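Observations on the three-dimensional arrangement
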There are 4 protein chains.
Amino acid sequence: MKIALVGVTGYTGATLFKLLKQHPEVDEVRLYGRSTPSDDELAALLSGFRHLSLHIHEYSSVNIMQECDLVFFATPAKVTSQLALDFIQADFPVIDLSGDFRLKDSADYERYYQAPAAPSQALQAASYNLADLKKPQSNYIANPGCYATATLLATIPLLAADLIDLDSLIVDAKSGLSGAGKKLTTSSHYAYINENSLPYKVNQHQHIPEIIQELQTWQPAFKTLQFTTTLIPVTRGIMASVYAKPKKPLSQAELYQTFADFYQDKPFVRVLKDGFPSLKEVAYSNYTDIGLAYDEASHTIFICSVIDNLMKGASSQAIQNMNLLCGFPLETGLTALPTFF
Amino acid sequence: MKIALVGVTGYTGATLFKLLKQHPEVDEVRLYGRSTPSDDELAALLSGFRHLSLHIHEYSSVNIMQECDLVFFATPAKVTSQLALDFIQADFPVIDLSGDFRLKDSADYERYYQAPAAPSQALQAASYNLADLKKPQSNYIANPGCYATATLLATIPLLAADLIDLDSLIVDAKSGLSGAGKKLTTSSHYAYINENSLPYKVNQHQHIPEIIQELQTWQPAFKTLQFTTTLIPVTRGIMASVYAKPKKPLSQAELYQTFADFYQDKPFVRVLKDGFPSLKEVAYSNYTDIGLAYDEASHTIFICSVIDNLMKGASSQAIQNMNLLCGFPLETGLTALPTFF
Amino acid sequence: MKIALVGVTGYTGATLFKLLKQHPEVDEVRLYGRSTPSDDELAALLSGFRHLSLHIHEYSSVNIMQECDLVFFATPAKVTSQLALDFIQADFPVIDLSGDFRLKDSADYERYYQAPAAPSQALQAASYNLADLKKPQSNYIANPGCYATATLLATIPLLAADLIDLDSLIVDAKSGLSGAGKKLTTSSHYAYINENSLPYKVNQHQHIPEIIQELQTWQPAFKTLQFTTTLIPVTRGIMASVYAKPKKPLSQAELYQTFADFYQDKPFVRVLKDGFPSLKEVAYSNYTDIGLAYDEASHTIFICSVIDNLMKGASSQAIQNMNLLCGFPLETGLTALPTFF
Amino acid sequence: MKIALVGVTGYTGATLFKLLKQHPEVDEVRLYGRSTPSDDELAALLSGFRHLSLHIHEYSSVNIMQECDLVFFATPAKVTSQLALDFIQADFPVIDLSGDFRLKDSADYERYYQAPAAPSQALQAASYNLADLKKPQSNYIANPGCYATATLLATIPLLAADLIDLDSLIVDAKSGLSGAGKKLTTSSHYAYINENSLPYKVNQHQHIPEIIQELQTWQPAFKTLQFTTTLIPVTRGIMASVYAKPKKPLSQAELYQTFADFYQDKPFVRVLKDGFPSLKEVAYSNYTDIGLAYDEASHTIFICSVIDNLMKGASSQAIQNMNLLCGFPLETGLTALPTFF
């Protein structure tokens, strides 16, 4: 296959490039961009790949469709809402890592992204595809967000089994710094954030409507959740700490069994029988690890899921979605073990 | 004053030593220990103080009472449960940074500390003293734990104002590594915990009964809470992220006013009108910063408090308790501003 | 005393503010700035001081001289080269933390700072004052740079004792991130520099001419050195690793004695008899720690000095210089012990 | 091929396991150990591999030779000096990541490793094989040490081209924490080493004789070097900062050309034309990046090389050596791009 990649210079784009270069079904990766740095500038931006001769071609949907078999957009929000139509009309395979096609409701998009949504018909054409649980319904895949992936994998089994009071869901999510991208900001300045931690975008994160939309597919009566995002001083990793009240008395064993059954044939989700996972146990991999506890004293369910935000939360899930879309075995190109130190 | 300090070599002991050397009412700090390293060994353990000639005297309650006016125990759990009786009988001033005299209920102590509790009568003689809110009731002060301090200061105003459903309290607390002391463990090994994070002692932390005991003094009907502790890769700092459901509809403004009123004459608690505090804003200081939010969609109160675990969570609170016990102005020796970078 | 502080919002300015608030001879600190953020903006910039009501007065040399007894400039390079003349003409006490008045040679300044130097006469009026070794010669003090301080304290004893081949000096200096200030840059972006390290400004750092100028006061024949600066992922701290060839055979004991004698009555320099210091042993303090080794096989002297770049490398050395200028005991306001964790 | 791996639980062993699982010529990896943890204990030690069912077989040289085609020893020093003889006698392929067979001179081994060396005849049978520059001379490969690899690749071109004064070599090497392994020590305790840095084993590191031995193969007159090792707070990475005086006048261009020519057909060494490499640019890869500068003022050559100590400094170099030994193309199993964030 010939793959087009738009947006190689960001963290998820560079990670995707690396994964594509290792993918056995990929013959060529062609880079496209709307701004086209010179080859020297590009080499400086991607200095880890300094032995390669990289070149960015000027963006053109026509050329991409002529020259390639599938395109990945590793671009920020607000790009594909403008550019996607050509591909949708042509039913050309797209995997979009941005948030532009995740929300079916334009109003939600406009509220959380503060920009015009893509045309409603185009939004309907896209498949939001949490790769461990679904199969693509169309050729335009909206790849899930990082916080959404960690949260959904930790909560869907609770809703699928109708275990919890739907009004009780609280998620205390932690994220490292790469989630915020390469853009220089005060909160990503080393001397500010090292040895530091703080909540941000409390109840305002743009992944909230995405989580609600997907949870409603499992329980239409689900309304909303408390969602807190806290920055912690690591480069990679998201932890979703989920709290909920059970509908009726529960045991730790039942809780474990619910998750173990739900994920029994899902190779990239690892449910722990005892204890809790750490961020590093999934670092640089496509795995999601899930630990769980039920506290009989406070009648509270606690689920903790961890992912690598640049991998499962973005680029390796995008590869998993490509495998699904193209009919390759699910683990193709994703067999690297986690690097836990 | 002449101060005795038992346990200078640990993180809280060394921090206390530093604070005592700066305290204007302290003339001399005498070090005592049950193990007495040679002066060279001690210098190596406290290498930051290498220009001082430090010496540890052999522990003797008689000598301490003869030579000093007050004793600090910066020792691990299980030490003062053995040694405190002499001081209690003599009504000699003690500030005990360990957990040995915090719990009034011996059974709780024995369950959470897995060791015999101090004699019941001795336990009753001790004052658990959260220094921002109480005055010592006796000469034996049980200095609060770090997680307990952060959690209590974030939750007591809710209970004092009878704002919340008592069954709904959930605390997702984060801690840095110094909280676990100098003892070498796998989870404190740099290559393990750097770039990492994981929950530990979920619903089993020894500060849980201490939190419950104190919350019951504000609301006797309070029973228990969900309490999760998560390790994050910083050296200093505790963040308590508190979630609760209000008894009745509430506004963000009311929530803020409740906290602002409660802490209005407390110089070491800073309530934020907007936004949330970060760990570094209180680092190396005696301050507790508190941010708050009420989410109308999910009907959830979110309170976030941050402290420096070695300072407010241990040593500077111990100085604040000394000031209270000795009748010094509350801020004596504690005027250093936070070092936020 | 009433102190004026220009430039409180940077790292060194805020650190200086904190030290001045603790200094027993300082009655008031008045803040001045050429840009004057609103009080709310200022509170956000200095969020660690959020309980204080801070206000920045519009900069005016006339007002500063009328209202205050001494002024600190914690401003970037290129500011005092413009503003200093009023104070120099009036012989008003200034402590300038910037590099603008450190170099006597305008051409050096213009080469390394790429900006016009201050008038030559003004440059001659300023005293470059390494506070552990000199007494101010005038009322305008050029406070030494951070790399220069660590390097000079590690090398001057070698030159003073005429121990080394003057052509052999090599300094491999390491610095944390706060040295680069609050300005957002790629190399200070957390996801870039955490878990990373790289040399920068090799043989081009602006502290090089300052080091050469001062070493020439001890050995006029000294010409230059190899000076490498390497960024390491810590917030605070500079380590100068110094290599030189001895003029004649030497022993480790002689090397130690040379340094011990040189610094014997200098309370803020601690020479280690064995082993090497670590950054944390001087963190948040005015100390410089020095370790040394002589390798008989390779005939190489190795000296390692460490400082806290924001303290000894900037703000606490500025306080030490104020103490010297005002005739206060040297240690006034500088008695805090290092915080080594 | 069937591969035996002895010592999977350490950092280099686990890294090697991961690489072997991705290697296209490896059919099976069998784990052996002298201590054999239960499968549950092993799973806990290798929690990042929690979806695999791992089992450690009891160590037996006979079984290894019957069941496998090649054995890797990722064991600490002092193990293969005892165990290697069976394999050497049988001329069975061994790649030994420890230091036990690197030094030809038993006295050097005994001085630096403080243990008895392997029998002299066995030592002679082993090939010290810096994989980028040599081909194995025998079936027993002593895989180079991490500091030695970074240092040799930065210095050999200087000696090969006879560019430097052999008495002038100084190496200021920096290392992260994983180099010290999983053993719990004070200097690897997070609260000690985070935000910290210090020199250690100055002129005493066990890689010094290995560096000298290999440099002498390029310049027999070479005697020794100054070698300083400094711990920096990263998990992975070694930087060798090399200083030397040229024999005769040199230009930056000549220096670059010397290195570019030397490494022109070496795919895993990347010589930078301008600027300097950072640790992350080679992280998780088999690359060595080299930057260089010649300072005309001080007549000093400065070379900076960076490697990932667990990869090029241990496990991926071991794979490269396996490729050489088995006649596979050099890059087999080593094509993953660096992960520079």
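Since this is a predicted model, take the numbers as computed values, not measurements.

Taken together, the 19 residues of chain D in the interface contact 19 residues of chain B. Buried surface at the junction of chain D and chain B, summed over both partners, amounts to about 1400 Å²; 62% is from carbon and sulfur atoms. Joining chain D to chain B, the criterion identifies zero salt bridges. Per-class residue counts for the side of chain D that touches chain B are nine nonpolar, eight polar and two charged.

Here we take up the UniProt feature "active site" (unreviewed entry) in chain A. Residues and elements named next belong to chain A. Feature annotation in UniProt assigns "active site" (unreviewed entry) to the following positions: Cys 146. The residue Cys 146 is located in helix H8 (residues 146-160) in this model. Setting aside residues up to four positions removed in sequence, Cys 146 forms contacts with His 207, Ile 238, Ile 307, Asn 309 and Gly 313.

The subject of this paragraph is the relation of the copies chain D and chain B. The two copies are related by a screw operation: chain D maps onto chain B through 180 degrees of rotation and 0.0 Å of translation along the axis, at an RMSD of 0.0 Å. In the structure described here, the two chain copies are related by an operation that fits a two-fold rotation axis. Of the interface residues in chain D, 100% have counterparts in chain B that sit at the interface too, so the contact is made through matching surfaces.

Attention now goes to the pattern of salt bridges. In the structure shown here, the tally under the stated rule is 56 salt bridges over all chains. Across the pair Lys 174 of chain B and Asp 172 of chain B runs a salt bridge whose closest N-O atoms are separated by 3.0 Å. Here Asp 172 of chain B falls in the buried class, since its relative accessible area comes to 0%. With its nearest N and O atoms 3.6 Å apart, the salt bridge here joins Lys 2 of chain D to Glu 28 of chain D. Separated by 26 residues along the polypeptide, Lys 2 of chain D in strand S1 (residues 2-6) and Glu 28 of chain D in strand S2 (residues 28-33) bring together distant segments of the chain. What makes Glu 28 of chain D partly exposed here is its relative accessible area of 28%.

With eight of its 11 residues buried, helix H10 (residues 208-218) of chain B lies for the most part within the structure. Among the structural elements, helix H6 (106-113), strand S6 (127-128), helix H8 (146-160) and strand S10 (226-231) of chain B are those in contact with the buried residues of H10 of chain B.

Residue and element names in this part refer to chain D. With eight of its eight residues buried, strand S13 (residues 288-295) lies for the most part within the structure. Covered by surrounding structure in S13 are Thr 288, Ile 290, Leu 292 and Tyr 294 together with Asp 289, Gly 291, Ala 293 and Asp 295, the residues of both alternating faces. The pairing of strand S12 (residues 269-271) with S13 spans three bridges and is classified as parallel. Note that in S13 the partner of Val 269 across the bridge is Thr 288. Between the end of S13 and the start of strand S14 (residues 300-307), which pair antiparallel, lie four residues, with His 299 showing a positive phi angle near 55 degrees.

What follows covers the nonpolar core. Within soluble globular proteins, side chains that are nonpolar generally end up buried alongside one another. Judged by nonpolar contacts, the single largest core of 102 residues is most densely connected at Leu 5, Leu 20 and Phe 72 of chain C together with Phe 72 of chain D. Those residues in contact with Leu 5 of chain C, other than ones at most four positions away along the chain, are Gly 13, Leu 16, Phe 17, Leu 20, Val 29, Arg 30, Leu 31, Tyr 32, Phe 72 and Ala 74 of chain C. Formed by 101 residues, the second largest nonpolar core is a distinct cluster that contains Ile 3, Val 26 and Val 234 of chain A together with Ile 170 of chain B.

Residues and elements named next belong to chain A. Across its 16 residues, helix H12 (residues 311-326) extends only 19 Å between first and last C-alpha, which sits more than 12% below the 22 Å expected from 1.5 Å per residue. At Gln 317, H12 shows its largest kink, close to 45 degrees. Following H12 by one or two positions, Gly 327 has its phi on the positive side, about 75 degrees.

What follows covers the interface of chain A and chain B. Listed per partner, the contact involves 42 residues of chain A and 42 residues of chain B. The largest per-residue losses of area from chain A upon contact with chain B belong to Glu 195, Tyr 243 and Lys 280 of chain A, which jointly make up 17% of the total buried on that side. In this structure, the connection of chain A to chain B is made through two salt bridges. No other element matches the four residues that strand S8 (residues 170-175) of chain A contributes to the side of chain A that touches chain B. Its residues assigned to classes, the side of chain A that touches chain B shows 21 nonpolar, 13 polar and eight charged.

When chain A is brought onto chain B, the operation consists of a screw motion whose angular component is 180 degrees and whose axial shift is 0.0 Å, with 0.0 Å RMSD remaining. Here 100% of the contact residues of chain A are again contact residues in chain B; the copies associate through an equivalent surface.

Here the focus is the packing of aromatic side chains. Using the criterion set out here, one finds 54 aromatic pairs over all chains in the structure. A ring pair is formed by Phe 17 of chain D and Phe 49 of chain D, whose centres lie 5.3 Å apart and whose planes are at 40 degrees; its orientation type is tilted. Here the residue Phe 17 of chain D occupies a position in helix H1 (residues 11-22), and Phe 49 of chain D occupies one in the loop between helix H2 (39-45) and strand S3 (56-58), the gap between them amounting to 32 residues. Residue Phe 17 of chain D is classed as buried on the basis of its relative accessible area, which comes to 2%. Classification of Phe 49 of chain D by relative accessible area gives buried; the value is 2%. The residue whose ring lies beneath Arg 270 of chain B is Tyr 287 of chain B, and the NZ or CZ to ring-centre distance is 4.4 Å.

All names here are of chain D. The interhelical angle for the contact between helix H8 (residues 146-160) and helix H10 (residues 208-218), taken along N-to-C directions, is 25 degrees, at an axis separation of 10 Å. By the angle between their directions, the pair H8 and H10 is classed as roughly parallel. For the pair H8 and H10, the sense of crossing is right-handed. Contacts between H8 and H10 pair Tyr 147, Ala 148, Thr 151, Leu 152, Thr 155, Ile 156, Leu 159 and Ala 160 from the former with Glu 210, Ile 211, Glu 214, Leu 215 and Trp 218 from the latter. Its residues assigned to classes, the contact of H8 with H10 shows nine nonpolar, two polar and two charged.

Take the pairing of S1 of chain D next. The two faces of a sheet get side chains in turn, since along a regular strand they alternate between them. Residue and element names in this part refer to chain D. The element S1 is extensively covered by neighbouring structure, given that four of its five residues are classed as buried. Alignment of S1 against strand S4 (residues 70-73), held across four bridges, turns out to be parallel. Bridge pairing in S4 places Val 6 opposite Phe 73.

It is worth spelling out the sheet that holds strand S12 (residues 269-271) of chain C at this point. All names here are of chain C. Pairing is mixed across the open sheet formed by seven strands, whose spatial order is S9-S10-S8-S11-S14-S13-S12. Two strands lie at the open edges of the sheet, namely strand S9 (198-200) and S12, each paired on one side alone. With direction set aside, neighbouring strand axes in the sheet form an average angle of 25 degrees. Bridge count between strand S8 (residues 170-175) and strand S10 (residues 226-231): six bridges; the pairing is parallel.

Basis of the calculations
- Residues numbered from 1 in each chain as written.
- Chains lettered and ligands numbered in written order.
- Predicted model: local features only at pLDDT ≥ 70, side-chain atom pairs only at ≥ 80, totals over all residues.
- Heavy atoms only, no water.
- Contact = heavy atoms within 4.5 Å.
- Buried area = accessible area lost by both parts, 1.4 Å probe.
- Salt bridge = Lys/Arg side-chain N within 4 Å of Asp/Glu carboxyl O.
- Nonpolar A, V, L, I, M, F, W, Y, C, P; charged D, E, K, R; others polar.
- UniProt positions renumbered as here; feature names shortened; annotations may be inferred.
- Helix = DSSP H or I, 4+ residues; strand = E, 2+ residues; numbered from the N terminus.
- Least-squares fit on C-alpha atoms with pLDDT ≥ 70 in both.
- Buried < 20%, exposed > 50% of the residue type's maximum accessible area, 1.4 Å probe, protein only.
- Pairing = 2+ DSSP bridges.
- Core = buried A, V, L, I, M, F, W, Y, C linked by side-chain atoms within 4.5 Å.
- Expected span 1.5 Å × (residues − 1).
- Bend = angle between axes of the 7 residues up to and from the residue.
- Phe/Tyr/Trp six-rings, centres within 6.5 Å; stacked < 30°, edge-to-face > 60°.
- Lys NZ or Arg CZ within 6 Å of the ring centre and 35° of its normal.
- Axes fitted to C-alpha atoms, helices over the stretch in contact; angles between N-to-C directions.
- Parallel < 35°, antiparallel > 145°, perpendicular 65-115°, else oblique.
- Left-handed = near helix turned anticlockwise from the far one by under 90°.

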